[in-house]
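# Breakdown of the fold
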Amino acid sequence: MLSPEKMDKSCTLLVHYDKGTPAVAKEIKEALEGNDVEAKVDAMKKAVMLLLNGETIPQLFITIIRYVLPSEDHTIQKLLLLYLELIEKTDSRGKVLPEMILICQNLRNNLQHPNEYIRGVTLRFLCRLKETEIVEPLTPSVLQNLEHRHPFVRRNAILAVMSIYKLPNGDQLFVDAPEMIEKALSTEQDPSAKRNAFLMLFTCAEERAVNYLLSNVDKVSDWNESLQMVVLELIRSVCKTKPAEKGKYIKIIISLLSATSSAVIYECAGTLVSLSSAPTAIRAAANTYCQLLLSQSDNNVKLILLDRLSELKSLHRDIMVELIIDVLRALSSPNLDIRKKTLDIALDLITHHNINEVVQMLKKEVVKTQSGELEKNGEYRQMLIQAIHACAVKFPEVASTVVHLLMDFLGDSNVASALDVVAFVREIIETNPKLRVSIITRLLDTFYQIRAGKVCPCALWIIGEYCLSLSEVESGVATIKQCLGELPFYSVSEESEPTETSNKIQPTSSAMVSSRKPVILADGTYATQSAASETTFSTPTVVQGSVTSGNLRTLLLTGDFFLGAVVACTLTKLVLRLEEVQPSKTEVNKTVTQALLIMVSMLQLGQSPASPHPIDNDSYERIVLCIKLLCHRNAEMKKIWLESCRQSFVKMISEKQLTEMAELKAKTQTTNAQPDDLIDFFHLKSRKGMSQLELEDQVQDDLKRATGEFTKDENDGNKLNRILQLTGFSDPVYAEAYVTVHHYDIALEVTVINRTKETLQNMCLELATMGDLKLVERPQNYSLAPETSMQIKANIKVSSTETGVIFGNIVYETSNVMERNVVVLNDIHIDIMDYISPAVCSEAAFRTMWAEFEWENKVAVNTTIQNEREFLDHIIKSTNMKCLTAPSAIEGECGFLAANLYAKSVFGEDALVNVSIEKQTDGALSGYIRIRSKTQGIALSLGDKITLKQKGSS
């Protein structure tokens with residue numbers, strides 16, 4: 001049976017080229033036979049491209065031997081080596097073709113060529129040869145090049161020796177290769193050649209490499225960057241096989257942390273974390289990452305470093321807490337992704353000891369955003385406000401230091417930032433009773449600055465709920481009146497000369513004073529007629545008010561009657577509370593009259609043709625309800641308005657805190673210790689000759705063993721579900737695949753069983769993909785003995801969240817039948833659920849994304865499930881999404897249910913789902929499931945998944 005190495009067709013060049021024809025081959029042959037060097041170069045390029053695309057073109061071989069081999073041109077020689085790398089060098093039995101003798105002679109001549117470039121590229125070509133018969137006669141020439149004067153030749157000669165030594169029976173061709181390379185390493189001065197020599201020892205004679213490293217420990221920090229990287233790779237390999245000896249290697253890593261190369265320092269930190277869990281080692285690695293975070297200018301490098309810090313945070317939080325300020329220094333980067341990731345890491349590291357420093361730093365960053373120098377200052381300010389909000393909720397004692405600063409941004413031009421501020425103020429004023437008076441005072445002073453229609457309702461709600469004393473209530477009413485401006489909101493302008501009362505509301509119906517009577521003109525408009533004069537009124541127009549008119553008036557005149565309804569509710573609450581704190585009934589009645597006048601004026605504006613948008617029914621009914629309540633006040637309604645609303649808000653906050661605690665608990669790592677696990681009590685052993693780092697590391701290992709600190713393995717049932725049968729039981733070749741999806745990679749482990757009595761030759765697993773999947777490796781040929789099995793691995797790259805399909809076949813030959821046999825494989829469908837995971841976002845962020853995303857997939861509800869909550873739970877389980885709607889909002893049996901679901905893909909894509917269902921009279925459920933995303937693939941794939949899974953609970 002041929003070994004996989006012999007059947008592997010290696011290639012270092014991959015270029016797309018259309019398949020050739022005999023005419024093209026003839027043109028190549030003519031060009032090669034000529035004397036034009038440029039024509040020969042083009043012809044050789046075409047020949048290489050044809051070979052890459054499956055053309056054999058055997059007629060060119062002799063031509064290339066006669067006309068290309070003797071050429072002295074470097075480009076032609078390089079293309080010749082590529083050509084020789086691609087052609088078939090063995091027959092069907094695995095024997096080297098006789099004409100390869102000519103190639104061997106040419107290679108020997110090149111290895112002795114006076115030009116060092118020809119020698120070097122030829123030695124590099126030998127690294128890619130897998131045929132021992134071709135390499136064997138060249139070994140003396142290769143050894144001679146180990147002592148060549150030029151380092152380019154020496155470094156490639158060392159790689160050639162390593163490659164030949166690794167071939168089957170290669171150790172017999174170079175019996176003393178490790179000794180020779182070790183000798184060359186001790187005298188070599190060229191950094192690249194020295195690195196290659198050490199790599200050869202590491203690969204082929206690890207003990208020699210270890211001895212050389214330990215004998216030159218003091219010089220490691222002075223070595224070249226590339227050699228230091230190989231040293232780190234050697235340390236990882238040795239410590240993996242001999243974990244008991246890692247103490248002496250960690251000292252080398254610690255010394256390399258002071259290297260000049262950033263790549264070496266980064267690898268040192270990663271190696272340190274992988275080998276040791278001692279606090280000293282973790283602290284050194286984290287400090288290294290933080291230093292690189294500040295010194296590197298590339299944003300991608302910074303994101304990678306932040307990922308490493310995030311991993312350390314999850315495993316060694318206590319140590320990372322000490323470095324929170326160093327992590328926050330990454331906020332100096334103008335990139336929003338870096339800032340967001342930095343804030344996410346820092347928020348998980350906040351404790352009572354560092355909260356004041358963190359908040360102080362965040363406050364400084366907020367002040368910096370007011371400069372307006374950067375375009376995305378508004379978005380950055382929003383992130384900072386959200387971070388401060390989280391700090392204040394987690395540690396209420398710092399709220400007093402930030403709430404007044406943030407309230408300056410209630411009138412921010414960035415509406416999202418202002419919304420975050422007002423939401424922060426609303427939560428803090430409830431959770432911190434001591435700050436209520438100062439917050440209300442500051443809010444009433446700055447209310448006129450709020451210009452966003454989405455921010456005003458929340459601010460008004462705060463005023464209505466938390467203005468409790470007499471002075472606060474009176475100030476609240478006065479602030480609202482001032483921001484509404486003078487009444488009315490519109491007037492009827494006359495065609496005659498304006499009078500002093502032109503700004504006051506005028507009658508627009510036929511109800512006139514007794515001295516006048518209404519008439520209808522020819523154009524349908526109303527007019528009044530009297531004996532003295534006759535005046536005609538035109539359509540009512542909006543009164544914009546004076547320059548000092550408030551923000552509420554401006555928003556109302558644009559048709560925002562939802563805000564008008566909120567103003568009415570706020571005034572109603574203030575009036576009802578005024579009755580409790582104001583002993584004078586006259587003052588109460590005066591305030592009631594003013595509130596009623598404002599409400600009626602808003603209704604008149606909404607029903608007037610002067611308004612850009614007529615008032616909606618919901619707002620109209622809410623304002624009318626407020627009018628009725630003020631006219632007929634009773635104790636029961638007063639209790640509902642003044643107490644129940646705030647109780648609902650308190651319940652919402654408590655549910656939010658419970659949800660956050662549940663999420664935090666879910667993130668914590670579960671520990672499992674098996675009954676028969678070995679615990680090695682290091683404290684009873686001798687500590688002689690061990691460093692402090694080794695002692696700490698051993699203590700940490702003991703603690704992990706004692707507490708069972710390891711993650712539980714994946715359920716075996718889930719593993720079995722990933723095994724897919726690719727062929728039938730009656731096929732001569734049986735195949736099944738185990739599919740593993742890890743972020744951007746899909747790994748296929750295909751088990752192939754030869755069920756025949758014959759050897760399968762040139763057996764190849766040919767795969768193709770559909771969708772945003774890309775096959776990484778080219779197919780490889782194998783030979784499979786009778787009734788034996790083997791595993792074939794294939795890697796596939798994923799580029800987007802879209803359901804993909806992998807299909808293909810197994811092709812093989814037998815000795816009895818000359819033609820190739822084909823077994824078609826079942827398709828492998830890659831599930832979108834492997835790419836997305838549940839995630840959490842705020843309600844405001846969900847609404848913003850819902851409005852911005854352009855792709856929507858609308859799926860009709862079609863299910864046999866008759867319970868709304870049961871159907872929602874089934875959809876959540878089937879789509880691997882998180883329900884953002886609070887449990888209290890979907891409780892009860894009302895026949896309707898609406899919920900929002902959210903998830904993120906491994907590519908950072910957002911998936912939004914809205915479930916709206918209604919229970920029909922016959923018990924069946926109807927409605928729609930709407931999916932929105934930024935890309936088409938995730939919307940369509942998720943819709944297909946829901947359509948497939950929604951019919952039942954299976």
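Residues numbered from 1 in each chain as written. Predicted model: local features only at pLDDT ≥ 70, side-chain atom pairs only at ≥ 80, totals over all residues. Heavy atoms only, no water.

Attention now moves to the overall build of the protein. Across its full length, the protein holds 39 helices and 20 strands. Here the protein holds 954 residues, and the buried ones make up 44% of them. Within the protein, contacts between residues separated by at least 24 positions form 67% of all contacts whose residues are at least 6 apart in sequence. Summed over all atoms, the accessible surface of the protein reaches about 49,400 Å², with 52% contributed by carbon and sulfur. (Helix = DSSP H or I, 4+ residues; strand = E, 2+ residues; numbered from the N terminus. Buried < 20%, exposed > 50% of the residue type's maximum accessible area, 1.4 Å probe, protein only. Contact = heavy atoms within 4.5 Å. Areas by Shrake-Rupley, 256 points an atom, 1.4 Å probe, with all protein chains shown as cover.)

It is worth spelling out the packing of aromatic side chains at this point. Counted under the stated rule, the structure contains 9 aromatic pairs. When the centroid spacing of 5.9 Å and the interplanar angle of 55 degrees are considered together, the rings of Tyr266 and Tyr289 count as tilted. Here Tyr289 lies in helix α18 (residues 279–295) and Tyr266 lies in helix α17 (residues 262–275), a separation of 23 residues in the sequence. For Tyr289, a relative accessible area of 2% translates into the label buried. Here the aromatic cluster, defined as three or more aromatic residues joined through ring pairs, consists of Phe198, Tyr212 and Trp223. Here the guanidinium or amino end of Arg339 rests over the ring plane of Tyr380, the centre of that ring lying 3.7 Å away. The cationic tip of Lys858 hangs over the ring face of Tyr928; the distance from NZ or CZ to the ring centre is 4.4 Å. (Phe/Tyr/Trp six-rings, centres within 6.5 Å; stacked < 30°, edge-to-face > 60°. Lys NZ or Arg CZ within 6 Å of the ring centre and 35° of its normal.)

Right, let's get into the confidence of the model for the protein. For the protein, the average pLDDT comes to 80, and 82% of its residues sit at 70 or higher. Element-level pLDDT for the protein is lowest in helix α1 (residues 4–7), with a mean of 40, against a maximum mean of 92 in helix α28 (residues 456–466). This stretch, residues 1–9, has a pLDDT under 50; its non-local contacts, to residues over four places away or in other chains, come to 15 contacts. Note that pLDDT drops below 50 for residues 710–717; the model gives that stretch 11 contacts with residues more than four away or on any other chain. (pLDDT = per-residue confidence, 0-100.)

Close contact between helix α6 (residues 100–111) and helix α7 (residues 116–126) brings their axes to 8 Å; oriented N to C, the two are set at 135 degrees. Viewed along their axes, α6 and α7 adopt a mutual orientation that is oblique. On α7, the residues touching Leu107, Asn110 and Leu111 of α6 are Ile118, Arg119, Thr122, Leu123, Phe125 and Leu126. Looking at the contact of α6 with α7 residue by residue, the classes come out as 6 nonpolar, 2 polar and 1 charged. (Axes fitted to C-alpha atoms, helices over the stretch in contact; angles between N-to-C directions. Parallel < 35°, antiparallel > 145°, perpendicular 65-115°, else oblique. Nonpolar A, V, L, I, M, F, W, Y, C, P; charged D, E, K, R; others polar.)

Another point: the nonpolar core. By size, the foremost hydrophobic cluster in this structure holds 210 residues, and its most contacted members are Tyr83, Leu126, Phe198, Leu213, Leu552 and Met599. Not counting residues up to four positions away in its chain, the partners in contact with Phe198 are Leu185, Ala209, Tyr212, Leu213, Leu227, Val230, Val231 and Leu234. Counting residues in hydrophobic clusters, the runner-up holds 56 residues, among them Ala735, Leu773, Ile796 and Leu825. (Core = buried A, V, L, I, M, F, W, Y, C linked by side-chain atoms within 4.5 Å.)

On to unusual backbone geometry. Backbone phi values are negative for most residues with the exception of glycine, while trans is the configuration of most peptide bonds. Unlike most non-glycine residues, Glu787 shows phi in positive territory, near 55 degrees. Residue placement: Glu787 occurs in the loop between β10 (781–784) and β11 (789–798). Of note, Asn880 is a non-glycine position whose phi angle comes to about 55 degrees, a positive value. For Asn880, a relative accessible area of 29% corresponds to the partly exposed category.

For helix α25 (residues 399–406), the complete set of buried residues consists of Ala399, Val402, Val403 and Leu406. Projected down its long axis, α25 carries its buried residues within an arc of 110 degrees, all on one side. Where α25 is buried, its residues meet α23 (355–368), α24 (377–394), α26 (415–431) and α27 (436–446). (Arc of directions from axis to C-beta.)

Across the 10 residues that make up strand β12 (residues 804–813), a large majority, 9, are buried. Bridging between strand β8 (residues 760–770) and β12 involves 8 bridges; their strand directions are antiparallel. Note on β12: the bridge partner recorded for Gln761 is Glu813. The pairing of β12 with strand β14 (residues 828–830) spans 3 bridges and is antiparallel. The partner of Gly804 across the bridge, within β14, is Ile830. In the sheet, β12 pairs with strand β13 (residues 821–824) via 4 bridges, with the strands oriented antiparallel. Bridging across to β13, Ile810 finds its partner in Val823. (Pairing = 2+ DSSP bridges.)

Remark: α26 packs on α28, axes separated minimally by 9 Å, with the N-to-C direction vectors making an angle of 15 degrees. Relative to α28, α26 is oriented roughly parallel. For the crossing formed where α26 meets α28, the hand is left-handed. Residues Val422, Val425, Arg426, Ile429 and Glu430 of α26 touch α28, and the partners they reach there are Cys458, Ala459, Trp461, Ile462 and Tyr466. Residues of the contact of α26 with α28, tallied by class, amount to 8 nonpolar, no polar and 2 charged. (Left-handed = near helix turned anticlockwise from the far one by under 90°.)

Applying the stated criterion to the full structure yields 26 salt bridges. As a salt-bridge pair, Glu856 and Arg930 come within 3.2 Å of each other at their nearest N and O atoms. Here Arg930 lies in strand β20 (residues 925–933) and Glu856 lies in strand β16 (residues 855–860), a separation of 74 residues in the sequence. Looking at Glu856, the relative accessible area reads 34%, which means it is partly exposed. Since its relative accessible area comes to 27%, Arg930 is described here as partly exposed. A single network of salt bridges, built from pairs that share partners, joins Glu179, Glu182 and Arg208. (Salt bridge = Lys/Arg side-chain N within 4 Å of Asp/Glu carboxyl O.)

The next subject is the environment of Glu474. One can find Glu474 in helix α29 (residues 470–484). A residue is classified by how much of its surface remains accessible, and Glu474, at 39% relative accessible area, is partly exposed. Between the C-alpha atom of Glu474 and that of Leu574, which follows or precedes it by 100 residues, the distance is 8.2 Å. Residues within four places of Glu474 in sequence aside, it is in contact with Leu578 and Gln582.

This brings us to the environment of Ile265. Relative to the elements of secondary structure, Ile265 occurs in helix α17. Residue Ile265 is classed as buried on the basis of its relative accessible area, which comes to 13%. Once residues within four sequence positions are removed from consideration, Ile265 is found in contact with Leu256, Leu257, Ala259, Thr288 and Leu292.

Another point: helix α19 (residues 299–315). Taking 1.5 Å of rise per residue, 17 residues should cover 24 Å, and α19 covers 25 Å from first to last C-alpha, within 8% of that figure. Considered for burial, the residues of α19 that qualify are Lys302, Leu305, Leu306, Leu309, Leu312 and Lys313. Looking straight down α19, one finds its buried side chains confined to an arc of 115 degrees; they lie on one side. Turned more than 90 degrees away from the buried face of α19, the exposed residues are Asn300, Ser314 and Leu315. Buried residues in α19 make contact with α17, α18, α20 (317–321), α21 (324–328) and α22 (336–347). (Expected span 1.5 Å × (residues − 1).)

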